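Survey of secondary and tertiary structure
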Amino acid sequence: MKTKALLKSFAFCLIAIFSVSANAQISTNELPPSFSSSLFSTRSSDVINLPVPDVAEALHEDSLFADADIPYRVGLPLAVNYNLHNSGHWQVLGDSMRVWRLQLHASGAKAMTVSYDKYWIPEGAKFFIYNADKTFCIGAFTSFNNKGTRENPVDFATGFVAGEDIVLEYYEPVGRETGVISVERVIYVYKNVLAVQSNVTHGVTPGISRSCNVNINCPEGANWQKEKRAVAAIYDGNGALCTGALINNTGNKDYFLSANHCFASGYDAQGINLMNQLIFYWNYESPDCSNTYIYNPPSSAGAKLVANNSHSDFALLELMESVKDVNGYMPYYLGWTRSSVAAANAVGIHHPRGDIKKISIENDAVVSYNSSLNWTDGTTTAKNTHWRVGFDIGTTEGGSSGSPLMNQNHLVIGQLHGGDSGCAPVIEFYGRFDVSWDYGSVATRRLKDWIDPSNTGMMQLEARELIPEIVGTKFICDSSTYYIKNLPANAMVVWEYPTEPNSAPRPQFYTNYPVPNQCTIKNKYYYPYSANLVAKIVYNGNTLLTLSKEVISDTKSYPYATYIQEACTFYGVTHPSISGRVENSTFVHQGCMVRVTFNSDYDKDIYYDSLGGITHKPLFWNYHRPTKTLEFQLPYRSGGLPFAFILDGEGVCKKKRIIFFSYTGNGNAPASAYSLKVLSPSENIKEIRLVTDDVINGRNSLNWNLEVYNVAYGTKVLEVKGLTNLSYMMDTSGWTSGMYVTRIIIGDKILTEKVTVGK
């Protein structure tokens, strides 16, 4: 462990002290109008030559502290005083817009960043910063970034812009209040880090950290693709870098865990805690295992230091700008554990020297270090406050400080304080999460009051992610509209719906232009269809994620189902087993168990329907939803009666009535003195005739009732009581063509017969 004394001059230039409210780095991610048209040529008075700092001396100082537990320095601050009135040049364009432009030249700079002591612009105004050859640009910053008022503007910061010539360009609508843009500091960046390596139009080769570092998108990082999204590089706005990560909490706040020593020069949760120009770089990584093309990483800015201590070297920040607003970023909040049991193995994800995201792996158990540790800044940490980790793959370097250490369950157990230099095997030390949890007696020195504000006492909390998903129904009726939930800021959706030229007609697909990121599938003619709706989430021309959702269109016809009726003997009558496809109305025997199976993916609900007040019910019925199986038995004396079940639930465009009739023919009851015949003497007249061998005795005791039911709907269309003749003439004129069932009740006997009406 390094124990050199920290140079005072270096400490002062690492981090400046600010006391006003935080700013936001969120921008509209667009190019200025001057990129597509020559608005005006640069005038000599628009260019300011900045002094060149002593880079050689800075590099010498850096070499003395190459492995120190301090933020990694990449730039040197230059104090300036430029604003819209004392610098640059204004020009009016037409009658609607005026433009201010200032160009800064810093010979030999790899890049520059700009800090502002005052920033406020009116609605409709736009502010850009780009390099002179127009290959790198950030912005537009708008009134959305205002955190103060015109009367009381607050500070602001903009991130890395590559090159030794940068242009500040401000567009303001004519007639609006003049904005306030005041530059107080320019950072001369003398190392190749972060966006310095990127380029909006050309590929670059990053890779400024040790060659033994492993890119997060190499095979070693395959199981850590979610966790990597939580990790960000931190730039302090004054030339220094660290790492940290979003961490989950029961209050669903945007909390970010890093190291205390990254902010030790001037900031404290109990003092100056607003870090106005702290910039977070997200998704800063190579797309694959090699050090290949990377795009300008999205960023946000501003944080409040809510808790910190040097005992376990932790710092907990609350981000002042929601990560939901970060361009092209899918937030992931790491889970954690405050268990004191050492992890069986561990992984660290970090940004060494401000390089693209790397992964380091410890295959063995971590160890609680039982000795004190002496650090470069003169502090000493007590024994058993840090985990000792011996990485087998990868390493850490300056800039990795504050990065999370996760156990075998992918839960945070600490953050990087420091360690030895070199490549694996290498020893590093991480402040223990469980020690940070309840250290001391005040909330500003521990984690638990922020991470678990309700004081639930939980020992661990799993990760939380805001992953995009397709929202919309799986089953399409007339039409269904789909959109993306948790869509990253400024990302677009490319919808794909499979076409099958040789298939039957299918539902129509539409994008909901000009409404972004929505689509609609219309099924006007109820074609049966099943397909996967695909949504590609695209940002800056890169596909962030591909989503898929199965969609099924309903024919609005009766769903396919089969039934099996068991053989049974019921009240002395033996019924055979029958089976088949369920029709609109299906006839089964009373008393026998019937099992109906629905052969589809519909997530059904089944309930019994009383058919408009008819009170008869099955002897038994049950719907087993997991297997989509309906079981029932029809009761004694139910011949000719309809029993209806309602099919509802997802995938059912319109509630469907499933009707079963107990129909057993004239042998419904044993030893009946009568049988039933239905005759058709004319087109609309049906004769219901009782037949008996003893006509005289039959007539003397005859008293019967007639009921007629429509088979298709299960509705009663006719009821006649107290009939005494052997015959009844039934007029069916006006009835709907189709099948009907007659039900004759003679004492305790039931006779049934089918009747066809019309063609």
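Residues numbered from 1 in each chain as written. Predicted model: local features only at pLDDT ≥ 70, side-chain atom pairs only at ≥ 80, totals over all residues. Heavy atoms only, no water.

Points about the state of the cysteines
Operational definition: When the sulfur atoms of two cysteines come within 2.5 Å, that pair is taken as a disulfide. A helix here means a DSSP run of H or I that spans at least four residues, while a strand means a run of E at least two residues long, and both kinds are numbered starting from the N terminus.
Taken as a whole and assessed by the stated rule, the structure comprises four disulfides. Here Cys 218 engages in a disulfide with Cys 289; their sulfurs sit 1.9 Å apart. Every disulfide takes its handedness from the sign of the S-S torsion; for Cys 218 and Cys 289 that torsion is 90°, giving right-handed. Remark: Cys 289 occurs in the loop between strand E16 (274-281) and strand E17 (299-309) and Cys 218 occurs in the loop between strand E12 (214-215) and strand E13 (231-235); sequence separation between them is 71 residues.

Section: the pattern of salt bridges
The cut-off we apply is this: Each reported salt bridge corresponds to a side-chain nitrogen of Lys or Arg within 4 Å of a carboxyl oxygen of Asp or Glu. Burial classification: accessible surface area is computed with a 1.4 Å probe over protein chains only, and a residue below 20% of its type maximum counts as buried, one above 50% as exposed, and the rest as partly exposed.
Across all of its chains, the model carries 29 salt bridges by this definition. Among the ionic pairs, Glu 321 bridges to Lys 147, the shortest N-O distance being 3.5 Å. Of this pair, Glu 321 sits in the loop between strand E18 (314-319) and strand E19 (332-333) while Lys 147 sits in the loop between strand E8 (137-141) and strand E9 (154-162), placing them 174 residues apart in sequence. With a relative accessible area of 6%, Glu 321 lands in the buried category. Between Asp 434 and Arg 432 there is a salt bridge, with its nearest N and O atoms 2.6 Å apart. The same class applies to Asp 434 and to Arg 432, which are both buried.

A closer look at the packing of aromatic side chains
Quick note on the threshold: Aromatic contacts are taken between Phe, Tyr and Trp rings whose centres are within 6.5 Å, Trp giving its six-membered ring; a plane angle under 30 degrees counts as stacked, one over 60 as edge-to-face, and the others as tilted. Consider the ring centre and the ring normal. A charge sits over the ring if Lys NZ or Arg CZ is within 6 Å of that centre and within 35 degrees of that normal.
Scanning the entire structure with this criterion turns up 31 aromatic pairs. Pairing Phe 128 with Tyr 171 gives two aromatic rings, centres 5.8 Å apart and planes at 85°, and the pair type is edge-to-face. Pair noted here: Phe 128 is in strand E7 (residues 126-131) and Tyr 171 is in strand E10 (residues 165-173), with a separation of 43 residues, a long-range link. Side by side, Phe 128 and Tyr 171 carry an identical accessibility label, which is buried. When the centroid spacing of 5.7 Å and the interplanar angle of 50° are considered together, the rings of Phe 160 and Tyr 281 count as tilted. A residue pair is termed long-range when its members are at least 10 positions apart, and Phe 160 in strand E9 and Tyr 281 in strand E16 qualify at 121 residues. Note on accessibility: Phe 160 and Tyr 281 belong to one class, buried. Among the aromatic residues, those joined into a ring-pair cluster are Tyr 116, Tyr 119, Phe 127, Phe 141 and Phe 156. Here the basic side chain of Arg 464 rests over the ring of Tyr 333, its NZ or CZ set 4.0 Å away from the ring centre. The positively charged end of Lys 754 is found above the aromatic ring belonging to Phe 587, 4.4 Å away from the centroid.

Digging into the sheet that holds strand E34 (residues 479-485)
Here is the rule we go by: By definition, two strands form a pair when at least two bridges between them are found by DSSP. Note on geometry: axes are lines fitted to C-alpha atoms, helical ones only across the stretch in contact, with angles between N-to-C directions running from 0 to 180 degrees.
Overall, antiparallel pairing links the four strands, which are arranged E32-E34-E37-E36 in an open sheet. Each edge of the open sheet carries a strand with a single partner, namely strand E32 (469-471) and strand E36 (508-511). For this sheet, the mean angle separating the axes of adjacent strands, direction not counted, is 25°. In this sheet, strand E37 (residues 518-522) lies alongside E34 in antiparallel orientation, the contact comprising five bridges.

Some words on empty space enclosed by the protein
Heads up, the condition is: Points on a 1 Å grid over protein atoms alone make up a cavity when a 1.4 Å probe fits among them but cannot get out, and a pocket when they form an open set with protein on both sides within 12 Å along at least five of seven lines; lining residues each have an atom within 4 Å of a point. Grid points are joined across faces, edges and corners, and a volume is the space filled by probe spheres set on the points.
In the structure shown here, the tally under the stated rule is three cavities of 30 Å³ or more. Taken as a whole, the second largest cavity encloses approximately 50 Å³ of empty space. Lining the second largest cavity are ten residues; nearest its centre among them are Asp 236, Ala 240, Cys 242, Cys 262 and Phe 263. Looking at the lining of the second largest cavity element by element, the count peaks at three residues for strand E14 (residues 240-247).

Notes on unusual backbone geometry
Here Gly 139 and Ala 140 are connected by a cis peptide whose omega angle stands at 0°. Considering the arrangement of structural elements, one finds Ala 140 in strand E8. Of the consecutive residues Ala 424 and Pro 425, the connecting peptide bond is found in the cis state with omega at 5°. With respect to the element layout, Pro 425 can be found in the loop between strand E28 (412-419) and strand E29 (426-432). The backbone of His 410 sits at a positive phi, close to 65°, despite the residue not being glycine. Even without glycine at this site, Asn 486 takes up a positive phi of about 60°. Along the chain, the position of Asn 486 falls in the loop between E34 and strand E35 (492-496).

Some thoughts on the sheet that holds strand E51 (residues 674-682)
Pairing within the open sheet is antiparallel, and its three strands lie in the order E51-E52-E55. Across the chains shown, the open sheet's two edge strands, defined by having one partner strand only, are E51 and strand E55 (727-731). With strand direction ignored, the average angle separating the axes of adjacent strands in the sheet is 20°. Relative to strand E52 (residues 685-692), E51 is paired through seven bridges, and the arrangement is antiparallel. If you follow Tyr 674 over to E52, its bridge partner there is Thr 692.

Quick look at the confidence of the model for the chain
Interpreting fine coordinate detail is not advised for predicted regions of low pLDDT. Which entries qualify depends on this criterion: Across the chain, each position has a pLDDT score giving the predictor's confidence in that residue, from 0 to 100. Note on contacts: a residue pair qualifies if any of its non-hydrogen atoms lie within 4.5 Å across the two residues.
For the chain, the mean per-residue pLDDT works out to 86, and 87% of the residues sit at or above 70. Scored below 50 in pLDDT, residues 666-670 makes twelve contacts in the model with residues more than four places away or belonging to other chains.

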